[in-house]
Amino acid sequence: MKFREYEAKQIFKDAGIPVAKSRLITKPEEAKDACAADKVVLKAQVDVGGRGKAGGILPADKNNIESVARELFAKKIKGLAVEKILVEEALDISHEYYLSITIDRSAKRPVILFSSEGGVEIETLARERPEALTRVNVDPCFEKLPDFIVRDVIGNAPKELGSVVKKLYEVFVTKDAVLAEINPLVMTPSGVFAADGKIILDDNSLTRQGISENRDLTEREKEAEKHGFSYVELDGSIGVIGNGAGLTMATLDIIAHYNGKPANFLDVGGGADAERVTHAVRLVASMPDVKVIVVNLLGGITRCDEVAKGIIAAGVSQDVIVRIAGTNEAEGKVLLEAKGYKMTKTMDEAIKAAVEVCA
């Protein structure tokens, strides 16, 4: 789950990382009293990257702050309405740095990323100028960063940054984060400040962090969670339902192999009954871009006749192409055949047929 900038900065402030004076507003009329500084920056609080380039960050002063706020509230930033704005004191920036901590999954430990070229898209920097990005892995046994690691991170950069590196690592650990990022981390005549902030929590830690609901979930993702499905939304047009993570992932891989685009990953799990399958099919069918659904299930503890009953009960408008094999396979195929559903003997055949529907 993502924290918005104003939430991340409060966490930074509580951890002792300097941030500019600011106030959150929800309507233009609140802007005038939001910040006493002569020059301010208004920042739309929307969960998208590239917010600045999309017009979501605007400068203002005491004379025009309300009109600028009104302009920003009227915008959509990459399709998202602006409902909250952070009004922040403008900083006198002399240099920008990049600092983040995330998980290096190949090394199975945290990695600190640092660059003396902040304020840019880090993916672009890593691709075009990898030598400008320092990467330092951290042994997960460290709850606090030792000084020698801090020195490896900041190199010849000002020593004041070392304190921020240490404190950001403490935030990363205590908040069960998968990402804690400051971009840019800025140097000013008054010292170092986190000019922006991003924290993403591990969804498995929400209860431990005292968070009752993952607000980042879409309505379909909430529905999937309610039924206990493993579900991920993608951007294609071929809906996918499988049982078992391996089989479902293999289905996605073969769709890509045949130049198709999966719309989702949905694993109904083992022993799915008719009702569970019905919920799964309707959930996938509710995705607006889905043109066809591939149901690829192997019957072990899952009975193929129950799968067939669930597909039929779902009654969705899209084509449903079915590959089932295993327990009660013959009975399931009889039920589906009677209703005119397309069935294939192999996973390859089912996927080829689905790709043809979307061609």
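Residues numbered from 1 in each chain as written. Predicted model: local features only at pLDDT ≥ 70, side-chain atom pairs only at ≥ 80, totals over all residues. Heavy atoms only, no water.

**Student:** When you look at the packing of aromatic side chains in this model, what are you seeing that I'm missing?
**Tutor:** Within a pair of aromatic rings, the relevant descriptors are the distance that separates the centres and the angle that separates the planes. Taken as a whole, this structure holds 2 aromatic pairs when the rule is applied. Considering the side-chain rings of Y97 and F114, the 5.9 Å spacing of their centres and the 20 degrees angle between planes classify their relative orientation as stacked. Placement of the pair is Y97 in strand β8 (residues 95-104) and F114 in strand β9 (residues 109-115), with a sequence separation of 17 residues. (Phe/Tyr/Trp six-rings, centres within 6.5 Å; stacked < 30°, edge-to-face > 60°. Helix = DSSP H or I, 4+ residues; strand = E, 2+ residues; numbered from the N terminus.)

**Student:** For this particular structure, what's the right way to read the environment of A325?
**Tutor:** Relative to the helices and strands, A325 resides in strand β18 (residues 319-326). Not counting residues up to four positions away in its chain, the partners in contact with A325 are L297, L298, G299 and C304. (Contact = heavy atoms within 4.5 Å.)

**Student:** How do you make sense of unusual backbone geometry when you look at a structure like this?
**Tutor:** Backbone phi values are negative for most residues with the exception of glycine, while trans is the configuration of most peptide bonds. In this chain, N183 is followed by P184 through a cis amide linkage whose omega measures 10 degrees. Positive phi outside glycine occurs at K78, with the angle close to 50 degrees. Among the structural elements, K78 can be located in the loop between β5 (76-77) and β6 (80-81). The phi angle at N328 is positive, at roughly 55 degrees, despite the residue not being glycine. Residue position: N328 is located in the loop between β18 and α10 (329-338).

**Student:** Help me understand the packing of helix α4 (residues 147-154) against helix α5 (residues 160-174), please; the structure alone is not making it clear to me.
**Tutor:** When two helices pack together, their arrangement is given by the angle between their axes and by how far apart the axes lie. Interaxial distance between α4 and α5 falls to 10 Å at its minimum, and their mutual angle equals 115 degrees. Like other packed secondary-structure pairs, α4 and α5 cross with a definite hand, here right-handed. Taken together, the residues of α5 that come into contact with α4 (itself represented by D147, V150, V153 and I154) are L161, G162, V165 and K166. (Axes fitted to C-alpha atoms, helices over the stretch in contact; angles between N-to-C directions. Left-handed = near helix turned anticlockwise from the far one by under 90°.)

**Student:** Looking at this structure, I do not really get the sheet that holds strand β7 (residues 85-89). What am I missing?
**Tutor:** What links the strands of a sheet is backbone hydrogen bonding, and the strands pair in either a parallel or an antiparallel sense. With antiparallel pairing, 4 strands are arranged side by side in an open sheet as β2-β7-β3-β4. Looking at the sheet topology across the chains shown, the edges are occupied by β2 (22-25) and β4 (57-61). Taken over all neighbouring pairs, the strand axes of this sheet differ in orientation by 25 degrees on average, direction set aside. Relative to β7, β2 runs antiparallel, the two sharing 4 bridges. (Pairing = 2+ DSSP bridges.)

**Student:** Is there a simple way to think about the nonpolar core in this case?
**Tutor:** A general tendency of soluble globular proteins is for nonpolar side chains to be buried together. Formed by 38 residues in total, the largest nonpolar core has its most connected members in I112, L161 and I199. Sorting the residues of this core by element identifies α1 (5-15), β8, β9, α4, α5, β11 (177-188), β12 (191-194) and β13 (198-201) as the ones contributing at least two each. Non-local contacts of L161, meaning those with residues more than four positions away in its chain, are made with Y97, F114, I154, L185, M187 and V192. (Core = buried A, V, L, I, M, F, W, Y, C linked by side-chain atoms within 4.5 Å. Buried < 20%, exposed > 50% of the residue type's maximum accessible area, 1.4 Å probe, protein only.)

**Student:** How should I be thinking about the layout of surface pockets in this particular structure?
**Tutor:** Within this model, the largest pocket holds a volume of roughly 1300 Å³. Contributing to the lining of the largest pocket are 43 residues, with G50, R51, E181, N183 and D196 lying nearest its centre. A per-class count over the lining of the largest pocket returns 18 nonpolar, 9 polar and 16 charged. D203, N214, L217, E221 and Y231 are, among the 19 residues lining the second largest pocket, the residues nearest its centre. Within the residue set of the lining of the second largest pocket, elements represented by two or more residues are α6 (219-227) and β14 (230-233). For the lining of the second largest pocket, a count of residues per class yields 8 nonpolar, 4 polar and 7 charged. (1 Å grid on protein atoms, 1.4 Å probe; cavity = no way out; pocket = protein on both sides within 12 Å on 5 of 7 lines; lining within 4 Å. Points joined across faces, edges and corners; volume = space filled by probe spheres on them. Nonpolar A, V, L, I, M, F, W, Y, C, P; charged D, E, K, R; others polar.)

**Student:** What am I meant to see in the side chain of T302 here?
**Tutor:** Residue position: T302 is located in the loop between β17 (292-299) and α9 (304-314). According to the relative accessible area criterion, T302 is buried, its value standing at 2%. Looking at T302, its side chain comes within polar contact range of the main-chain nitrogen of G271, at 2.8 Å. Excluding anything up to four places from it in sequence, T302 contacts N243, G269, G270, G271, A272, L297, V307 and T327. (Polar contact = N/O pair within 3.5 Å; in protein donor to acceptor, adjacent residues only side chain to side chain.)

**Student:** What exactly am I supposed to notice about the pattern of salt bridges here?
**Tutor:** In a structure, side chains of opposite charge can pair up when their charged atoms sit close to one another. All told, the structure shown has 23 salt bridges when counted by the stated rule. Of the charged contacts, one joins R51 and E5 as a salt bridge, the two residues approaching to 2.8 Å between their closest N and O atoms. Taken together, the positions of R51 in the loop between β3 (39-44) and β4 and E5 in helix α1 put the pair 46 residues apart, joining distant regions of the chain. Across this residue pair, the class does not change: R51 and E5 are buried. One salt bridge in this structure joins E213 and K222, with 3.3 Å as the shortest N-O distance. Three or more residues joined by partner-sharing salt bridges are found here, namely E5, K9, K43, R51, E88 and D196. (Salt bridge = Lys/Arg side-chain N within 4 Å of Asp/Glu carboxyl O.)

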